[in-house]
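Reading the structure
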Amino acid sequence: MEASPQNSSQVSILREQRRKSKLSWKFGRLLFLALAISVTITAYFLPMLPFRLPLCLFKLMTGYPCAGCGMTRAFEAAAHGHFKEAFEWHPVGLALFFAMWLGAIFATYELLTNQPFDWEGWMNRHGALVVWVLFFALLAIWLLRLSYYRFGQWLPLPLKFPL
């Protein structure tokens, strides 16, 4: 039984869409790997600059640290393998650094096996929980840091100072 011209054109369109979709997820994974590598290289060489860049507009304007203050230095320390120091600069920064490299390992595995993981389904199931955990972790750390500025000492968590 021969396929009608309309059915064969639909089949070829579907094949083309599948081919493009395979290329797009591979491109996305390669882009993520390039981003993880470039972030790590930048974090590794950033301390070698002869000057420190003022990265936090909130701190420049108010004098108080923002919820993300110390995150860049946490990435710098983690890129140098100083994980304890990275945790002291910003615990969430260290967690994001590890999450970035865990994602890079997953992306490499996907590329090597040529089988994409269902990230959309995973995000539908767990994405809200991840966002809320990050939000409350950032809020808790920010409140601890503000306690230093308000009371002159840390509440019992040894986070680095000054930011």
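Presented here is an overview of the structure given in this document.

Right, let's get into helix H6 (residues 119-151). The largest bend in H6 comes to about 60°, at His126. Listed as buried for H6 are Gly121, Gly127, Ile141, Leu144, Arg145 and Ser147. Elements in contact with the buried residues of H6: helix H4 (83-89) and helix H5 (91-113).

The next point concerns helix H3 (residues 71-79). For the α-helix, the turn length of 3.6 residues means that residues three or four positions removed from each other point alike. With seven of nine residues buried, H3 lies mostly within the body of the structure. Of the residues making up H3, those classed as buried are Met71, Ala74, Phe75, Glu76, Ala77, Ala78 and Ala79.

This part takes up the packing of H3 against H5. Axis separation between H3 and H5 bottoms out at 8 Å; the angle between their running directions is 55°. Relative to H5, the element H3 is oriented oblique. As for the relative orientation of H3 and H5, their crossing is right-handed in sense. Only Val92, Gly93, Leu94, Leu96, Phe97 and Met100 of H5 make contact with H3, whose side of the interface consists of Met71, Ala74, Phe75, Ala78 and Ala79. Taken together, the residues that form the contact of H3 with H5 break down as 10 nonpolar, one polar and no charged.

Conventions adopted
Residues numbered from 1 in each chain as written. Predicted model: local features only at pLDDT ≥ 70, side-chain atom pairs only at ≥ 80, totals over all residues. Heavy atoms only, no water. Bend = angle between axes of the 7 residues up to and from the residue. Helix = DSSP H or I, 4+ residues; strand = E, 2+ residues; numbered from the N terminus. Buried < 20%, exposed > 50% of the residue type's maximum accessible area, 1.4 Å probe, protein only. Contact = heavy atoms within 4.5 Å. Axes fitted to C-alpha atoms, helices over the stretch in contact; angles between N-to-C directions. Parallel < 35°, antiparallel > 145°, perpendicular 65-115°, else oblique. Left-handed = near helix turned anticlockwise from the far one by under 90°. Nonpolar A, V, L, I, M, F, W, Y, C, P; charged D, E, K, R; others polar.

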